[in-house]
Amino acid sequence: MSAPLNMAVVEQAIAWRVRLASGACAADELSACQHWRAQHPDNELAWQRLDALSGRFAAVGPGVGRATLDGARHDPQRRRALKALAILVAAGGAGVIAQRNDAIQPWLADVRTGIGERRNIVLPDGGRLHLNAGTAVDIQYTSEQRLIRLYQGEIFVETAADPQRRLFWMNTAQGRLRALGTRFLLRERGELCEVAVYEGAVEVHPDDGSNASVINQGWQTRFSHHAVQTPQAVESERSSWMDGVLVARHMRLADFTAEFSRQRRGVLRCDPAVAELRISGVFPLDDSERALQAVARTLPVQVLYRTRWWVTLAAV
Amino acid sequence: MPAHSAFSSFLTALYHDHHRWLNGWLRQRTDCPHNAADLAQDTFVRVLLQRESKELREPRAFLATIARGLLVDHYRRASLERAYLDALAVLPEPEVPSPESRALVLETLIEIDRLLDGLKPRVREAFLLSQLDGLTYGQIAERMGLSLSSIQQYMTLAFSHCYKALYS
């Protein structure tokens, strides 16, 4: 469709444009730029293409154009759909990223856990990553940074001191987080992401560029792509899944059911009529049958099996 | 034409073996079954247009790759249509563009949105302030609380990113 241009030429053309647009150039620079364009047809072609690029923006104009682009980007349906697709892209994505960084060989891995599966991973710098069931992450260590992308689920990160002093970043659908020597938990919850800091501190940068917040040891919060909620004291039982148990303290039955549905195959749901009942106790994650029976014993609830894999908690 | 018939039997087999699967795959990822059916159809049209019967070790992965691109476009288009209508709704009557120019602007917006994909929010913001809102680099630096050289860096990044999206 169009002749390929050497990227070096394109970059020169960009450098000229940026210099001229900066408004800080001497009068003779304009003629120097014209001279550069006349030197070679490729130079001129690169220049024209950048003109055409800017022309697209000019055709749209400010106001409505701006409102549309920003509105579409924050469209919740689109964000949800693209996030779900990102997981699929990531599954085959490592090769693509590796090609882009051909100068350095980065350390890359896509890690997934299925239903009922929890995993521990030792990171290249000796840090540790714990994955709860139903979790998807990419790990990307380059010479510049250590990066973990959380697409879905829940992780617990223990960072290690890095001899190369690279920054440690986490990306989620809602924004970026920078670890400041820490142990912390991160959980993806649709529109919101939860972070609980057990040691050190974590800096939260919502996606839209609004101000970063630092969450200190002993605090947890939720954030969206545009705001960080007021932090609250950490509930230490939040990380009990790492020990293979769920510690519930006055937990809503709906939340309890959601936790266990990550740990077992099939459908596990909770009737709205009993969703607000509260439950306390310690339940083994790998034995959901036992946990369900325990619920039936302590609450006015019965466990209905439509099939072995279709289970509903309903009022007695 | 033997080449043609080889291709059409390749396509027929691909359709026969995987059409239902693709439909189901798409239905899980779209809001409505009609969209899923349309997108499945479009996926096979893309294969048809490629006119290349390759040995496919993973035919479903191949179809899913094409379908995924179409899905991303589908959600992009839908979100821009909604946002554009929202933006037009608050315009005073005389400023509302004609239907033809609306269609043209919408197509351009979809293209711009695609070009900006993958840019960091700050870089995107700086680039839009310059290209769309017509601010000078100095004004952008002031507005975003950054140095002029940062803005220059952002612009360089954004131009290069958009160029690659358009031409490579």
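Worth saying up front: this structure is predicted, and the values here are computed from it rather than measured.

K.L.:
What am I meant to see in the overall build of chain A here?
P.N.:
Across its full length, chain A holds eight helices and 17 strands. Every one of the 316 residues in chain A was classed for burial, and the buried ones make up 31%. Long-range contacts, defined as pairs at least 24 residues apart, comprise 42% of the intrachain contacts of chain A with a sequence gap of at least 6.

K.L.:
Looking at this structure, how should I read the sheet that holds strand β16 (residues 301-307) of chain A?
P.N.:
Two modes of strand pairing occur in sheets, parallel and antiparallel, and in both the strands are linked by backbone hydrogen bonds. Residue and element names in this part refer to chain A. Strand order in the open sheet made by the three strands is β14-β17-β16, with mixed pairing throughout. Taken across any chain shown, the strands that pair with only one partner, and hence form the sheet edges, are β14 (267-270) and β16. Looking at each pair of strands side by side, their axes are set apart by 20° on average, direction ignored. Where β16 meets strand β17 (residues 310-315), six bridges bridge the pair, whose relative direction is antiparallel.

K.L.:
Honestly, the interface of chain B and chain A in this entry has me stumped. Any pointers?
P.N.:
Interface extent is often summarised as the accessible area lost during association of the parts. Between chain B and chain A, the residue contacts involve 42 residues of the former and 39 residues of the latter. If one sorts the elements of the side of chain B that touches chain A by residue count, helix α3 (residues 59-89) of chain B sits on top with 13 residues. Per-class residue counts for the side of chain B that touches chain A are 23 nonpolar, nine polar and ten charged.

K.L.:
Looking at this model, I keep getting lost on helix α1 (residues 7-21) of chain A. Mind explaining?
P.N.:
Think of an α-helix as 3.6 residues a turn; residues three or four steps apart then line up on the same face. When the terminal C-alpha atoms of α1(A) are compared, their 21 Å separation across 15 residues agrees well with the 21 Å that a helix rising 1.5 Å per residue should span. The complete set of buried residues in α1(A) reads V10(A), A13(A), I14(A), W16(A) and R17(A). One side of α1(A) holds all its buried residues, which, seen down the axis, span an arc of 160°. Looking at the buried side of α1(A), the elements it contacts are α2 (27-39) and α3 (41-60) of chain A together with α7 (148-167) of chain B. Directly beyond the C-terminal end of α1(A), a positive phi value near 70° is found at G23(A).

K.L.:
Help me understand the packing of α1(A) against α7(B), please; the structure alone is not making it clear to me.
P.N.:
It is the contact of α1(A) with α7(B), at a shortest axis distance of 10 Å, that shows an interaxial angle of 140°. Classified by the angle between their axes, α1(A) and α7(B) sit oblique to one another. Note on packing geometry: the crossing formed by α1(A) with α7(B) is right-handed. Together, V10(A), E11(A), I14(A), A15(A), R17(A) and V18(A) of α1(A) and Q152(B), M155(B), T156(B), F159(B), S160(B) and Y163(B) of α7(B) make up the contact between the two elements. Taken together, the residues of the contact of α1(A) with α7(B) break down into seven nonpolar, three polar and two charged.

K.L.:
Which parts of the structure should I look at to understand the pairing of strand β4 (residues 136-141) of chain A?
P.N.:
β4(A) sits mainly inside the fold: five of its six residues count as buried. The antiparallel hairpin formed by β4(A) and strand β5 (residues 145-152) of chain A contains three residues in its connecting segment.

K.L.:
Please explain the nonpolar core as it appears in this structure.
P.N.:
The nonpolar side chains of a soluble globular protein tend to be buried, and buried together. Counting 35 residues, the largest nonpolar core has L109(B), A126(B), F127(B), I151(B), Y154(B), M155(B) and A158(B) as its most contacted members. Within the residue set of this core, elements represented by two or more residues are α1, α3 and α4 (64-73) of chain A together with α3, α4 (99-116), α5 (121-131), α6 (137-144) and α7 of chain B. Looking at this core, the element that brings in the most residues is α7(B), giving seven residues. Once residues within four sequence positions are removed from consideration, I151(B) is found in contact with A126(B), Y137(B), I140(B), A141(B) and L146(B). If you look at the next biggest cluster of nonpolar residues, it comprises 28 residues, including L123(A), L129(A), C193(A) and V204(A).

K.L.:
Before we go on, may I ask you to explain the environment of L180(A) in this structure?
P.N.:
With respect to the helices and strands, L180(A) occurs in strand β8 (residues 175-189). Classification of L180(A) as partly exposed rests on a count of 18 C-beta atoms within 10 Å.

K.L.:
For this particular structure, what's the right way to read the confidence of the model for chain A?
P.N.:
A low pLDDT score tells you not to read the predicted coordinates there in detail. For chain A, the average pLDDT comes to 84, and 90% of its residues sit at 70 or higher. Taken as a whole, residues 88-106 of chain A scores under 50 in pLDDT and shows 21 contacts with residues more than four places along the chain or in a different chain.

K.L.:
Looking at this structure, I do not really get the packing of α1(A) against α3(A). What am I missing?
P.N.:
Any two packed helices are characterised by the angle at which their axes cross and by the distance between the axes. All names here are of chain A. Across the interface, α1 lies against α3 with an axial gap of 9 Å and an inter-helix angle of 60°. If you check the angle between α1 and α3, you find them oblique. α1 and α3 meet at a crossing whose hand is right-handed. Within the contact between the two elements, α1 uses V9, V10, A13, I14 and R17 and α3 uses D42, N43, A46, W47 and L50.

K.L.:
Teacher, can you tell me more about unusual backbone geometry here?
P.N.:
Residue and element names in this part refer to chain A. Positive phi, close to 55°, is recorded for R165, a residue that is not glycine. Inspection of the secondary structure assignment puts R165 in the loop between β6 (154-158) and β7 (167-171). Its identity is not glycine, yet H250 carries a phi of approximately 50°, on the positive side. Among the structural elements, H250 can be located in strand β13 (residues 245-252).

Cut-offs applied
Residues numbered from 1 in each chain as written. Chains lettered and ligands numbered in written order. Predicted model: local features only at pLDDT ≥ 70, side-chain atom pairs only at ≥ 80, totals over all residues. Helix = DSSP H or I, 4+ residues; strand = E, 2+ residues; numbered from the N terminus. Buried ≥ 20, exposed ≤ 12 C-beta atoms within 10 Å, placed from the backbone. Contact = placed C-beta atoms within 7 Å. Pairing = 2+ DSSP bridges. Axes fitted to C-alpha atoms, helices over the stretch in contact; angles between N-to-C directions. Nonpolar A, V, L, I, M, F, W, Y, C, P; charged D, E, K, R; others polar. Expected span 1.5 Å × (residues − 1). Arc of directions from axis to C-beta. Parallel < 35°, antiparallel > 145°, perpendicular 65-115°, else oblique. Left-handed = near helix turned anticlockwise from the far one by under 90°. Core = buried A, V, L, I, M, F, W, Y, C linked by C-beta atoms within 7 Å. pLDDT = per-residue confidence, 0-100.

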